[in-house]
Amino acid sequence: MDFSRIADQGLVLLGCGKMGSAMLAGWLERGLPPAEVWVVDPHPSDWVRTQGVNLNAPLPESPAIALVAVKPQMMREALPGLHRLGGGGTLFVSVAAGTPISAYEEMLGANTPIVRAMPNTPAAVGRGITALIGNARASADDLDTAERLLAAVGQTVRLDSEAQMDAVTGVSGSGPAYVFHLIETLAAAGQAQGLSADLAMTLAKATVAGAGALAEAAEESPEQLRINVTSPNGTTQAALEVLMDAETGFPPLLKRAVAAAADRSRELSRG
């Protein structure tokens, strides 16, 4: 990744919790000089303190990028401190859930280039996926820059419109929690069939993680992978007849779950 512009002008990271720290670790591993990073966080972790970044120090005059990674409820309190950076010289990239581009334009000025991004928690192990959308002032170069920064924690995709962000929230933003719950319930079902709690959990974790890795690596679709492991009248088919039931199985359940998350995302965005 080319950090030359950032090295010349600096990068400001507002908020350095789990997501901010994951991104910072990725950038430093890719060669971003820590001296060119300004971290603003009232409660920095011990890890952040030892990275050699500028911590809660006066900000550079016109940084190349200001990346906003504070919790949504802290946004109104934190962002006014960056108000002077609005207006065009600095690209703002937000990974704060539920804060629409219009809220940033209101606080920073409509001429500010802004990219809104939605990463998810597997970013902490470099396996996230982040959806991006820019405002009218964000150029193609701005989007490329944001994409390169966020590629430090996993894959990226670009959206056609900001309205899609609520659906993204329902699928990939909140989605890791659905998978964690699948692991919990799969292990509990194994325990109910006579396995010890530890053994059932070990099997459930490895099975979900392995199937996910296979789905991503294989050329076949998930549908075909499912068909491949389903012998006629076998054990997998017996289970899938329960899970794929059109009224009580995964299809209607996940449709309702994703819709509920997307609806709540819309409510939160409206404030």
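The coordinates are above.
Residues numbered from 1 in each chain as written. Predicted model: local features only at pLDDT ≥ 70, side-chain atom pairs only at ≥ 80, totals over all residues. Heavy atoms only, no water.

1. Some details on the packing of helix 8 (residues 175-192) against helix 9 (residues 197-217)
Basically, it comes down to this: Here the axes come from fitting lines to C-alpha atoms, over the contacting stretch only for helices, and the angles between their N-to-C directions go from 0 to 180 degrees. Helix and strand definitions here come from DSSP, where helices need a minimum of 4 consecutive H or I residues and strands a minimum of 2 consecutive E residues; each element is numbered from the N-terminal end. Geometric relationships in this document are graded by angle, where less than 35 degrees denotes roughly parallel, more than 145 denotes roughly antiparallel, 65 to 115 denotes roughly perpendicular, and other angles denote oblique. Two helices that cross are described as forming a left-handed crossing if the nearer one is turned anticlockwise from the farther one by less than a right angle, and a right-handed crossing if clockwise. Two residues qualify as a contact provided that any one of their heavy atoms is within 4.5 Å of a heavy atom in the partner residue. Polar here means any residue outside two lists: the nonpolar Ala, Val, Leu, Ile, Met, Phe, Trp, Tyr, Cys and Pro, and the charged Asp, Glu, Lys and Arg; Gly therefore counts as polar.
With their axes 8 Å apart at the nearest point, helix 8 and helix 9 run at an angle of 140° to one another. Considering their axes alone, helix 8 and helix 9 lie oblique with respect to each other. Crossing geometry of helix 8 relative to helix 9 is assigned as right-handed. Counted together, Val179, Leu182, Ile183, Leu186, Ala187, Gly190 and Gln191 of helix 8 and Ala197, Ala200, Met201, Ala204, Lys205 and Val208 of helix 9 form the full contact between these two elements. In terms of residue class, the contact of helix 8 with helix 9 is made up of ten nonpolar, two polar and one charged.

2. Things to note about the pairing of strand 7 (residues 128-134)
Counted only if it meets this: Here the term buried applies to any residue with accessible area under 20% of the maximum for its type, exposed to any over 50%, and partly exposed to those in between, with areas from a 1.4 Å probe on protein chains only. Pairing between two strands is assigned when DSSP locates at least 2 bridges connecting them.
Within strand 7, five of the seven residues are buried, which leaves the element mostly enclosed by the surrounding structure. Two elements, strand 6 (residues 114-118) and strand 7, share four bridges in a ladder whose sense is antiparallel. Bridging from a neighbouring strand, Arg116 pairs with Ile133 of strand 7. Across five bridges, the pairing between strand 7 and strand 8 (residues 154-158) is parallel. By the bridge assignment, Gly128 is partnered in strand 8 with Gly154.

3. Quick look at the side chain of Thr130
By the element assignment, Thr130 lies in strand 7. With relative accessibility at 1%, the residue Thr130 sits in the buried group. Here Thr130 is in contact with Ala117, Met118, Pro119, Leu150, Gln155, Thr156 and Val157, once residues within four sequence places are set aside.

4. Thoughts on a nonpolar patch on the surface
The condition that has to hold: Each patch groups residues whose relative accessible area exceeds 30% and which form no salt bridge, using 9 Å between like charges and 5 Å between nonpolar side chains of Val, Leu, Ile, Met, Phe, Trp and Tyr. Accessible areas in this description were obtained via Shrake-Rupley with a 1.4 Å probe; residue shielding takes into account the shown protein chains only. The term salt bridge refers to a side-chain nitrogen of Lys or Arg lying within 4 Å of a carboxyl oxygen of Asp or Glu.
On the surface, Leu182, Leu186, Leu243, Met244, Phe250, Leu253 and Leu254 cluster together into a nonpolar patch covering about 570 Å² of accessible area. For the nonpolar patch, the secondary structure elements donating two or more residues are helix 8 and helix 12 (250-269). If one sorts the elements of the nonpolar patch by residue count, helix 12 sits on top with three residues.

Bear in mind that shape data such as this cannot, by itself, settle questions of function.
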